[in-house]
Amino acid sequence: MKRIFLLGGSDLEMATIKELLNQYKEIYFDKQLLWQNARLDAYREELDRFGDQPDIQIYGIELREDIFSMCYGNYRLIDHHNALSANPASIIQVASIIGHSLTPYQQLVAANDSGYIPAMQQLGATAEQIKEIRRLDRIYQGVTEKDEKLAELAILYHLERDGSLISVKTELSCFSPICDRLYPFDNLLVYTDKEWVFYGRGVEKIKSRYAKQIKEGLLYYGGGERGFLGAVVDAFSPGEIIQMKNEIITLINK
């Protein structure tokens, strides 16, 4: 059976998956999506063209299903976030499909994407290996040198500590340069007027508090017990974000 892969938002894992697909001469489409717009609808043309063909299996990699994917009987989602967070990293799933054994480097890429720095440390990664993986991940996410400087300024001027929670307000749309600079942390909240993401030990407590919003698709999560929970961009008003920030502070420090 012929396989077609549809690539999701850009990061190191997605770039490494793309390298694998090229290596094995697999068919794929890449719309150069970002996390914010990585939706299945971006590939409607390809789905309409190849959907329901019995000799073709279509795989969408980390694409939010904003169109009714069940309309296409030969479509399958590859992901390890939200309801699929118990799944292995997407690159591991892709490797299994194409019959590839991950190299040590690719295993670190998978660990980074599914469990951040602690997961790489569990694999025995050196400090230099971790630093390089994180640097590459930020680059593929689209983080620029200007963004790196803005992260430093946000930490310098907008970092607050409330008990075990560190919070940072920023203008950045990608929070990884802030997270990487502050690691290791117990609990971290990074936010703007449009979105927020919580990282750390208290994530299960925060997920429980906002179970309704998760069910409504207003929040997303992944990364396991010390993973992350974030708000979809523009899902909440600036005032609601501040209110949620204060609720998170209270929950974490109970």
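Residues numbered from 1 in each chain as written. Predicted model: local features only at pLDDT ≥ 70, side-chain atom pairs only at ≥ 80, totals over all residues. Heavy atoms only, no water.

Turning our attention to the state of the cysteines. Counted according to the given criterion, the structure contains zero disulfides. Of all cysteine sulfurs in the structure, the one in cysteine 179 sits closest to cysteine 174, which takes part in no disulfide; the separation is 8.6 Å. Here cysteine 174 falls in the buried class, since its relative accessible area comes to 14%. (Disulfide = S-S within 2.5 Å. Buried < 20%, exposed > 50% of the residue type's maximum accessible area, 1.4 Å probe, protein only.)

Of all six residues making up strand β3 (residues 56–61), six are buried, and the element is well covered by its neighbours. Both faces of β3 are covered, namely the face carrying Ile56, Ile58 and Gly60 and the face carrying Gln57, Tyr59 and Ile61. The pairing of strand β1 (residues 2–6) with β3 spans five bridges and is classified as parallel. Within the sheet, the bridge partner assigned to lysine 2 lies in β3 and is isoleucine 56. (Helix = DSSP H or I, 4+ residues; strand = E, 2+ residues; numbered from the N terminus. Pairing = 2+ DSSP bridges.)

Relative to the assigned elements, serine 176 resides in helix α7 (residues 176–182). What serine 176 contacts, discounting residues up to four positions off in sequence, is Arg134, Arg138, Gln141 and Val143. (Contact = heavy atoms within 4.5 Å.)

For the rest of this paragraph, the subject is the nonpolar core. Judged by nonpolar contacts, the single largest core of 30 residues is most densely connected at Phe5, Leu6, Ile61, Leu63, Tyr75 and Val94. Sorting the residues of this core by element identifies β1, α1 (12–23), α2 (44–50), β3, β4 (75–78) and α3 (90–98) as the ones contributing at least two each. Looking at which element gives the most residues to this core, the answer is α3, with five residues. Setting aside residues no more than four positions away along its own chain, leucine 63 makes contact with Leu6, Leu7, Gly8, Leu33, Ala38, Arg39, Leu40, Tyr43, Tyr75 and Leu77. Counting residues in hydrophobic clusters, the runner-up holds 20 residues, among them Leu189, Tyr191, Ile214 and Ile249. (Core = buried A, V, L, I, M, F, W, Y, C linked by side-chain atoms within 4.5 Å.)

Let us look at α3. Counted residue by residue, α3 has seven buried out of nine residues, so it is predominantly covered. Within α3, the full set of buried residues consists of Ser90, Ile91, Gln93, Val94, Ala95, Ile97 and Ile98. Against the buried residues of α3 lie β1, α1, β3, β4 and α4 (104–122). Count one or two residues on from α3 and you reach glycine 99, which has phi positive near 80°.

Turning to the layout of surface pockets, a few remarks are in order. Of the volumes computed, that of the second largest pocket is approximately 160 Å³. Every residue along the wall of the second largest pocket is listed here: Ile117, Ala127, Glu128, Ile130, Lys131, Arg134, Arg138, Asp180, Arg181 and Tyr183. If you list the elements that add at least two residues to the lining of the second largest pocket, you get α5 (127–141) and α7. No other element matches the six residues that α5 contributes to the lining of the second largest pocket. Grouping the amino acids of the lining of the second largest pocket by side-chain chemistry returns four nonpolar, no polar and six charged. (1 Å grid on protein atoms, 1.4 Å probe; cavity = no way out; pocket = protein on both sides within 12 Å on 5 of 7 lines; lining within 4 Å. Points joined across faces, edges and corners; volume = space filled by probe spheres on them. Nonpolar A, V, L, I, M, F, W, Y, C, P; charged D, E, K, R; others polar.)

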